[in-house]
Amino acid sequence: QVHLVESGGGLVQPGGSLTLSCAASGFTFSRYSMRWYRQAPGKVRELVASIAADSDTSNYVESVKGRFTISRDNAKNTVYLQMSSLKLEDTAVYYCNARLMGSPYWGQGTQVTVSS
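Residues numbered from 1 in each chain as written. Predicted model: local features only at pLDDT ≥ 70, side-chain atom pairs only at ≥ 80, totals over all residues. Heavy atoms only, no water.

Asks: Before we move on, can you summarise the pairing of strand E7 (residues 68–73) with the specific residues and values?
Replies: Of the two faces of E7, the one lined by Phe 68, Ile 70 and Arg 72 is fully buried and the one lined by Thr 69, Ser 71 and Asp 73 carries no buried residue. Note: E7 against strand E8 (residues 78–83), six bridges, orientation antiparallel. The residue of E8 that forms the bridge with Arg 72 is Val 79. Connecting E7 to the antiparallel partner E8 that follows it, the hairpin turn spans four residues, and Asn 77 within it adopts a positive phi of roughly 50°. (Buried < 20%, exposed > 50% of the residue type's maximum accessible area, 1.4 Å probe, protein only. Helix = DSSP H or I, 4+ residues; strand = E, 2+ residues; numbered from the N terminus. Pairing = 2+ DSSP bridges.)

So this is what it looks like as structure tokens:
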């Protein structure tokens with residue numbers, strides 16, 4: 001059974017940093033690309049960053065380029081999202097995502113609140 005468990009969210013001031021983690025189990029993690037999404041109140045869920053199975057390729061939504069870094073440790077079955085220079089508009093629930101055999105799997109999400 002696929003499990004994705006996010007952690008690392010919290011309250012941070014504008015300009016601050018946080019690192020999110022997503023621990024994966026139930027599938028061969030090293031064979032699949034991974035993604036981070038976020039959903040702010042009243043908004044649709046948006047793709048923030050993705051990383052290929054072998055870490056060779058990563059992509060970011062324009063609004064986080066240069067501030068967020070996605071990475072993975074295939075030995076630990078974990079994907080990370082390092083977030084810096086956080087802005088008020090980064091406030092959202094952040095979700096880890098894997099797509100296996102065409103089906104999406106989600107974690108429970110972790111809340112990130114950027115506020116002064």
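Asks: Report on the layout of surface pockets, specifying residues and quantitative values.
Replies: Considering only enclosed or pocket space, the largest pocket measures out at about 150 Å³ in volume. Along the walls of the largest pocket sit Arg 38, Gln 39, Ala 40, Lys 43, Val 44, Glu 46, Glu 89, Thr 91 and Ala 92, which together make up its complete lining. Tallied by class, the residues present in the lining of the largest pocket amount to three nonpolar, two polar and four charged. (1 Å grid on protein atoms, 1.4 Å probe; cavity = no way out; pocket = protein on both sides within 12 Å on 5 of 7 lines; lining within 4 Å. Points joined across faces, edges and corners; volume = space filled by probe spheres on them. Nonpolar A, V, L, I, M, F, W, Y, C, P; charged D, E, K, R; others polar.)

Asks: Would you mind going over the state of the cysteines in detail, with residue names and values included?
Replies: A complete count under the given rule lists one disulfide for this structure. Through a disulfide, Cys 22 is tied to Cys 96; the S-S separation comes to 2.1 Å. Between Cys 22 and Cys 96, the disulfide has an S-S torsion of -80° and is therefore left-handed. Of the two residues, Cys 22 sits in strand E3 (residues 18–25) while Cys 96 sits in strand E9 (residues 92–100), which places them 74 residues apart along the sequence. For the pair formed by Cys 22 and Cys 96, the shared burial category is buried. (Disulfide = S-S within 2.5 Å.)

Asks: Could you give an account of the nonpolar core, naming the residues involved and the relevant values?
Replies: Core analysis: the biggest nonpolar cluster contains 29 residues, and Leu 81 and Tyr 94 have the highest contact counts within it. Mapped onto this core, the elements with two or more residues apiece are E3, strand E4 (34–39), strand E5 (46–51), E7, E8, E9 and strand E11 (110–114). Residues in contact with Tyr 94, not counting those within four places in the same chain, are Glu 6, Leu 20, Trp 36, Tyr 37, Arg 38, Val 48, Phe 68, Leu 81, Met 83, Gly 109, Thr 110 and Val 112. (Core = buried A, V, L, I, M, F, W, Y, C linked by side-chain atoms within 4.5 Å. Contact = heavy atoms within 4.5 Å.)

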